[in-house]
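# Fold and contact review
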Amino acid sequence: MELPHDLLRRQDGVVGRDQLLEAGLTDNDLRRLLRRRDLNVVHPGVYLNHTGEPTSQQRAWAALRLLWPAALSHSSALGDLLAATPSSAQTPLHVAVDRHRHLHAPRGVVLHHRVDLVDHVLWNLSPPRVRLEDAVIDVAS
C-alpha cells in the first residue's frame, strides 16, 4: 500500500497511525514502512517521513497529532509574528486541548486546557492554532 503523500505534504511529513489506517494501510504495512525507515517514530502512533531531526513545523505537527484534537497556542500560535522568539528544539511548544481531557504532555510541550477549544481554533491553518486574538491575550497574561 502507498503512503498518503498529499496528507504528508499538508502536515509537513508528519502523520498519525489513525490517519494511515484510515487511508487504507494495515498494521503489516506500517511495520514494513518502519522497518524500511520510510517512516520513523516521533511519538507513539506518530511518524515522520525522514530520519533526520524534525523541523520546528514538524515538531508542532507531531505534538498536535499525538494530542489530537489539539492546536498551537500562546507564543507557538503566533509563530513568525514574534520575531524575538526563536523556534528551536529547546523552545517549548504551547498546545491547547479541551479542558476535559487528561493527557500527559511529551517533553518540550506545555499543555493548556481550554474551554470551548473547537470555537477558538483556526482548524484550516497548517498546523491548526488558536485564533490570533486569543493567542495575543494568552501571551500578554
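Everything that follows concerns the structure shown earlier in this document.
Along the chain, the position of Asp29 falls in helix H3 (residues 27-35). Of the residues examined, Asp29 reaches a relative accessible area of 13% and is grouped as buried. A distance of 2.9 Å separates a polar atom in the side chain of Asp29 from the backbone nitrogen of Thr26. Ignoring any residue separated from it by four or fewer positions in sequence, one finds Asp29 in contact with Met1 and Gly24.

Three or more residues of helix H6 (residues 132-140) are buried, namely Asp134, Ala135 and Asp138. Projection of H6 onto a plane perpendicular to its axis shows the buried side chains occupying an angular sector of 100 degrees, all on one side. In H6, the exposed positions angled more than 90 degrees off the buried face are occupied by Ile137 and Ala140. Against helix H5 (74-78), strand S6 (109-114) and strand S8 (129-130) lie the buried residues of H6.

As a further point, take the nonpolar core. Residues Leu67 and Val95 are the most contacted members of the largest nonpolar core, which totals 19 residues. Looking at this core, the elements with two or more residues in it are helix H4 (56-67), strand S4 (71-72), H5, strand S5 (93-98) and S6. If sequence neighbours within four positions are ignored, Val95 has contacts with Ala63, Leu64, Leu67, Ala70, Ala71, Ser73, Val109, Val110, Leu111 and His112.

All right, on to the pairing of S5 then. Burial within S5 is extensive, with five of its six residues counted as buried. As paired strands, S4 and S5 are joined by two bridges and run antiparallel to one another. What sits directly across from Ala71, in S5, is Ala96. Relative to S6, S5 runs parallel, the two being bridged by six bridges. Its bridge partner lying in S6, Val97 is registered against His113.

Turning to a nonpolar patch on the surface, a few remarks are in order. On the surface, a nonpolar cluster with roughly 290 Å² of combined accessible area is contributed by Trp68, Val118 and Trp123. Looking at where Trp123 falls in the secondary structure, it is placed in the loop between strand S7 (121-122) and S8. Look at Trp123 and you get partly exposed, because its relative accessible area is 32%.

This next bit is on the pattern of salt bridges. Once the charged atoms of two side chains with opposite charge are near each other, the side chains can pair. With the rule as written, the count across this model stands at seven salt bridges. Between Asp6 and Arg10 there is a salt bridge, with its nearest N and O atoms 3.8 Å apart. Linking Asp6 with Arg10, this pair stays in helix H1 (residues 5-10), spanning four residues, or about one helical turn. Three or more residues are tied together by salt bridges with common partners; here these are Arg114, Asp134 and Asp138.

Basis of the calculations
Here the residue numbers are simple positions, counted from 1 along each chain's written sequence. Selection of residues for local features in this predicted model requires a pLDDT of at least 70, selection of side-chain atom pairs for listing and counting requires 80 or more, and totals for whole chains, interfaces and linings are taken over all residues. Side-chain metrics rest on all non-hydrogen atoms present in the structure, leaving aside hydrogens and water. Here a strand is any run of E in DSSP of at least two residues, a helix any run of H or I of at least four, and the numbering for each starts at the N terminus. The buried label goes to any residue with under 20% of its type's maximum accessible area, the exposed label to any with over 50%, and the partly exposed label to all in between, with areas taken from a 1.4 Å probe on protein chains only. Counting of polar contacts relies on pairs of N or O atoms within 3.5 Å, with two restrictions inside protein: one atom must be capable of donating a hydrogen and the other of accepting it, and residues adjacent in sequence are counted only when both atoms are side-chain atoms. Here, residues are in contact when the closest pair of their heavy atoms is within 4.5 Å. Here, the arc refers to the directions that run from the helix axis to the C-beta atoms. Buried Ala, Val, Leu, Ile, Met, Phe, Trp, Tyr and Cys residues that are joined via side-chain atoms within 4.5 Å together make up what is termed a nonpolar core. Paired strands, as defined in this entry, are two strands with at least two bridges between them according to DSSP. Surface patches are defined over residues having more than 30% relative accessible area and no salt bridge, joining like charges when they lie within 9 Å and nonpolar side chains (Val, Leu, Ile, Met, Phe, Trp, Tyr) when within 5 Å. All accessible-area figures derive from a Shrake-Rupley calculation using a 1.4 Å probe, and residue coverage is judged against the displayed protein chains alone. Salt bridge, as used here, is a side-chain nitrogen of Lys or Arg placed within 4 Å of a carboxyl oxygen of Asp or Glu.

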